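Structural overview
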Amino acid sequence: DGARNLTLDSIPMGLPMSDPTAWATAMNNLGMAPMGMTGQPLLPDFDPALGMMTGIPPINPMMPGLGIVPPPIPPDMPAVKEIIHCKSCTLFPPNPHLPPPATRERPPGCKTVFVGGLPENGTEQIIMEVFEQCGEVIAIRKSKKNFCHIRFAEEFMVDKALYLSGYRIRLGSSTDKKDTGRLHVDFAQARDDLYEWECKQRMLAREERHRRRLQEERFRPPSPPPVVHYSDHECSIVADKLKDDTKFLEAIQTLLTWIERGEVNRRTANNFYSMIQSANSHIRRLVNEKAAHEKEMEEAKEKFKLALSGILVQFEQIVAVYHSASKQKAWDHFTKAQRKNISVWCKQAEEIRNIHNDELMGIRREEEMEMSDEEIEDPPEMKETEETALVSQVEALKEENDSLRWQLDAYRNEVELLKQEQGKASRDEDTTKEQRMKFLQQALQGMQKHLLKVQEEYKKREAELEKVKEDKLKMESLLESLKEQESSTSRVCACSQEECAAEKTLSNGLVKSEREVLLVGIISTFLHVHPFGASIEYICSYLQRLDSKICTAEVEVLMTRLQNTFRQELSGVGASLEKRWKFCGFDGLKMT
């Protein structure tokens, strides 16, 4: 199209067609293939990559000072470049097969462009006419060497000016070299542009700081109200506020400010003392409030522990249902899918039960550690004398007697239940239940014998206690007759000897505390009922019903220490191998 328009526009020109070289030179200067009127090429070896004038090479993107990335096309410009007609000149687009013109790196805030390749006869008016289409032109600085610098009002106008890079300009209809040229538009680095850009960045930074300051002030807590100056009237108001729990914080802050200001003097000392006394009385209210909160926390802990133990009991029952369903009597009647589901459910229930059991045991261990810490922190100030030790032993025997009676009643109830179940059970289980009945009867007989022994011991201890009281009275009468110096020395020696004897008996004895005596009695009665023995977990589960603070390790250490009373045996074969504890106190009594 450009070649056709060129040939039509150049017909009125005074160039004779008989001179093909002049026509070819004009077409070559415009970067077009020289064509005759018949459509034949005038120069067969024409290279379209040549420059607009002879001897000037085309612009290469790899030349020094130029970037290899072409400028982006503005969105409001057409992608395919077309001919641009102006009043004084015409702009012809570059060959689309040529690489796009390259530019240098864009300076920050660039509003100035460099324009090279201008015609020698080009004026500022022609440059203004060409580039005012891109936007408002502020200034044009033209050089004598066919280039200029153009400064626009906005930065986006520079992108429109870069769109004209590569266009060939022709002044009027002349084909003279001085009236033609190839435009090269590139970014220019100007101090005015950089200064305006820096000013704009400073303004944006100031606005950002102002916005952040407003945001910080919005989230900043409000400043406290100003504290009033001291006066007798204000002092009475603050004293009343100190006695009110709701206004105490405000009043104590005012009091602190007055003291730091130096308002205390001889005249106001009594008033300040009364206010300080009111603040001191508030401490008791705070302590009571703290104690109430601690009580609520302990109640919540106990409630949680009870709920957790109830959940564990339900889990145990569910697991027992799964185990009973897994026995061969019921297992054979289920299908394969039902068996698989039952086994999976059993595993899941056991895992959840073990997790909850570990959690409950952890809570109990923490309580035991707290109890042990309290015992370490609060040691007994005075040791028990022989009389108090006997009294405590008598009381322990009473408690043991009562607990054994309760256990005997419980075992009788169990026997009655077993008798009731015996009538309902099948014939296959009759033999096993009869054996259990015999074992329970034997255990009851042993318990009765043990009760008789305990009652005899109780009577003996009462007699010993009376004797000790009589001896004590005699000793007091004898000690009064002695001198003060001899009595003091004898008392010191007697106390030291008694302490050493007590320590030796405690260190040499197998049972170290009253608690362990109770545990031994309860375990022995429990194992009487189970002549075939019981596992340590079964024993501990029974003991934890009586006292939740008892742990498995403590019970096992105590039973291993008393080898003449308890004996551990292995029962079962293979995977069902189990350790059971049995009571051997009667045999051990003969051996000892």
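The rules behind the values
Residues numbered from 1 in each chain as written. Predicted model: local features only at pLDDT ≥ 70, side-chain atom pairs only at ≥ 80, totals over all residues. Heavy atoms only, no water. UniProt positions renumbered as here; feature names shortened; annotations may be inferred. Helix = DSSP H or I, 4+ residues; strand = E, 2+ residues; numbered from the N terminus. Areas by Shrake-Rupley, 256 points an atom, 1.4 Å probe, with all protein chains shown as cover. Core = buried A, V, L, I, M, F, W, Y, C linked by side-chain atoms within 4.5 Å. Buried < 20%, exposed > 50% of the residue type's maximum accessible area, 1.4 Å probe, protein only. Contact = heavy atoms within 4.5 Å. Salt bridge = Lys/Arg side-chain N within 4 Å of Asp/Glu carboxyl O. Arc of directions from axis to C-beta. Axes fitted to C-alpha atoms, helices over the stretch in contact; angles between N-to-C directions. Parallel < 35°, antiparallel > 145°, perpendicular 65-115°, else oblique. Patch = residues over 30% accessible without salt bridge, like charges linked within 9 Å, V, L, I, M, F, W, Y side chains within 5 Å. Nonpolar A, V, L, I, M, F, W, Y, C, P; charged D, E, K, R; others polar. Pairing = 2+ DSSP bridges. Phe/Tyr/Trp six-rings, centres within 6.5 Å; stacked < 30°, edge-to-face > 60°. Lys NZ or Arg CZ within 6 Å of the ring centre and 35° of its normal. Expected span 1.5 Å × (residues − 1). Lys, Arg positive; Asp, Glu negative; His and termini not counted. Charge placed at Lys NZ, Arg CZ, Asp CG, Glu CD.

The protein chain carries the name Ecto-NOX disulfide-thiol exchanger 2 in an unreviewed UniProt entry, which gives Dryobates pubescens as its organism. In the Sequence similarities (unreviewed entry) part of its UniProt record, the protein chain is described as follows: "Belongs to the ENOX family."

Things to note about the overall build of the protein chain
The number of helices and strands found in the protein chain is 17 helices and 10 strands. Put simply, the protein chain shows about 40,900 Å² of open surface, and 56% of that area lies on carbon and sulfur atoms.

What about the nonpolar core?
Burial of nonpolar side chains together is a common tendency in soluble globular proteins. Counting residues in hydrophobic clusters, the biggest one holds 31 residues, and the most contacted among them are V115, V130, F131, I150 and F152. Apart from residues no more than four positions distant in its own chain, I150 is found in contact with K111, T112, V113, V115, I127, F131, V137, A139 and I140. Counting residues in hydrophobic clusters, the runner-up holds 30 residues, among them M447, V520, V555 and W581.

Things to note about the pattern of salt bridges
Per the counting criterion, the structure on display carries 20 salt bridges. R211 serves as the salt-bridge partner of E208, at 2.3 Å between the closest nitrogen and oxygen. Remark: R211 and E208 occur in helix 5 (residues 191–219); sequence separation between them is three residues, near one turn of the helix. Two residues, E516 and R561, come together in a salt bridge whose shortest N-O distance is 3.1 Å. Here E516 is found in helix 14 (residues 514–529), whereas its partner R561 is found in helix 16 (residues 552–561), with 45 residues between them in sequence.

A word on helix 6 (residues 232–242)
For helix 6, every residue scored as buried is listed here: C235, V238, A239 and L242. Buried residues of helix 6, viewed axially, fall in a sector of 105°; they line one side. Exposed residues pointing more than 90 degrees away from the buried face of helix 6 are listed as H233 and D240. The secondary structure elements touched by the buried residues of helix 6 are helix 7 (248–261) and helix 8 (269–325).

What to know about the packing of helix 6 against helix 8
Close contact between helix 6 and helix 8 brings their axes to 9 Å; oriented N to C, the two are set at 10°. Relative to helix 8, the element helix 6 lies roughly parallel. Between helix 6 and helix 8, the contacting residues are D232, C235, V238, A239 and L242 on the first element and N271, M275, S278 and R285 on the second.

Some points on a nonpolar patch on the surface
On the surface, I259, V264 and I276 cluster together to form a nonpolar patch covering roughly 230 Å² of accessible area. Position of I276 relative to the elements: it lies in helix 8. We classify I276 as partly exposed; its relative accessible area is 43%.

Side note on the packing of helix 14 against helix 16
Look at helix 14 against helix 16: their axes get within 11 Å of each other, and the N-to-C directions meet at 80°. If you check the angle between helix 14 and helix 16, you find them roughly perpendicular. Contacts between helix 14 and helix 16 involve R515, E516, L519, V520, I523 and L527 on the former and, on the latter, E554, V555, L558, M559 and R561. Here the contact of helix 14 with helix 16 is composed, by residue class, of seven nonpolar, no polar and four charged.

Some remarks on the sheet that holds strand 4 (residues 137–142)
Strand order in the open sheet made by the four strands is 4-5-3-8, with antiparallel pairing throughout. Edge positions in the sheet fall to strand 4 and strand 8 (184–187), since each has one partner strand and no second. Going from strand to strand, the sheet's axes swing by 20° on average, the running direction of each strand aside. In the sheet, strand 4 pairs with strand 5 (residues 147–152) via five bridges, with the strands oriented antiparallel.

Some details on the UniProt feature "coiled-coil region" (unreviewed entry) in the protein chain
In the numbering used here, UniProt assigns the feature "coiled-coil region" (unreviewed entry) to residues 276–303 and 394–485. Along residues 276–303 the backbone is 100% helical and 0% strand, and the end-to-end C-alpha distance reaches 41 Å.

Thoughts on the packing of aromatic side chains
In this structure the tally under the stated criterion is nine aromatic pairs. Ring geometry for Y230 against W258: centres 5.2 Å apart, planes inclined by 85°, an arrangement best described as edge-to-face. In this pair, Y230 is assigned in the loop between helix 5 and helix 6 and W258 in helix 7, connecting sequence segments 28 residues apart. In terms of burial, Y230 and W258 fall into one category: buried. Summarising the aromatic geometry, the rings of F566 and F583 are spaced 6.2 Å apart at their centres and angled 65° between planes, so their arrangement reads as edge-to-face. Linking F566 in strand 9 (residues 566–571) with F583 in strand 10 (residues 578–583), this pair joins segments that are 17 residues apart in sequence. By way of ring pairs, the aromatic residues Y230, W258 and F272 are connected into one cluster. Taking NZ or CZ as reference, K81 lies 5.2 Å from the ring centre of Y163, over its face.

Focus: the sheet that holds strand 1 (residues 84–85)
Sheet architecture is open: four strands sit in the order 1-2-6-7, paired in antiparallel fashion. At either end of the open sheet lies a strand with only one pairing partner, and these are strand 1 and strand 7 (180–182). In this structure, strand 6 (residues 168–171) lies alongside strand 7, joined through three bridges in antiparallel fashion. Opposite R170, over in strand 7, you have T180 as the bridge partner.

Details of helix 12 (residues 430–481)
Relative to the 76 Å expected for 52 residues at 1.5 Å per residue, helix 12 spans 76 Å between its end C-alpha atoms, a close match to the ideal helical length. Of all the positions in helix 12, only K433, M437, L440, A443, L444, G446, M447, L451, V454 and L465 are classed as buried.

A few points about the environment of H528
Among the structural elements, H528 can be located in helix 14. Sequence spacing of H528 and A443 is 85 residues, and the spatial spacing of their C-alpha atoms is 5.2 Å. Not counting residues up to four positions away in its chain, the partners in contact with H528 are A443, F583 and F586.

Quick notes on a negative patch on the surface
Together, E395, E399, D402 and E514 make up a negatively charged patch on the protein surface. No other element matches the three residues that helix 11 (residues 386–424) contributes to the negative patch.

Describing the pairing of strand 3 (residues 112–116)
In terms of burial, strand 3 is largely enclosed, as four of its five residues are buried. Note that strand 3 and strand 5 share five bridges and pair antiparallel. Across the sheet, residue V113 finds its bridge partner in strand 5, namely I150. Alignment of strand 3 against strand 8, held across four bridges, turns out to be antiparallel.

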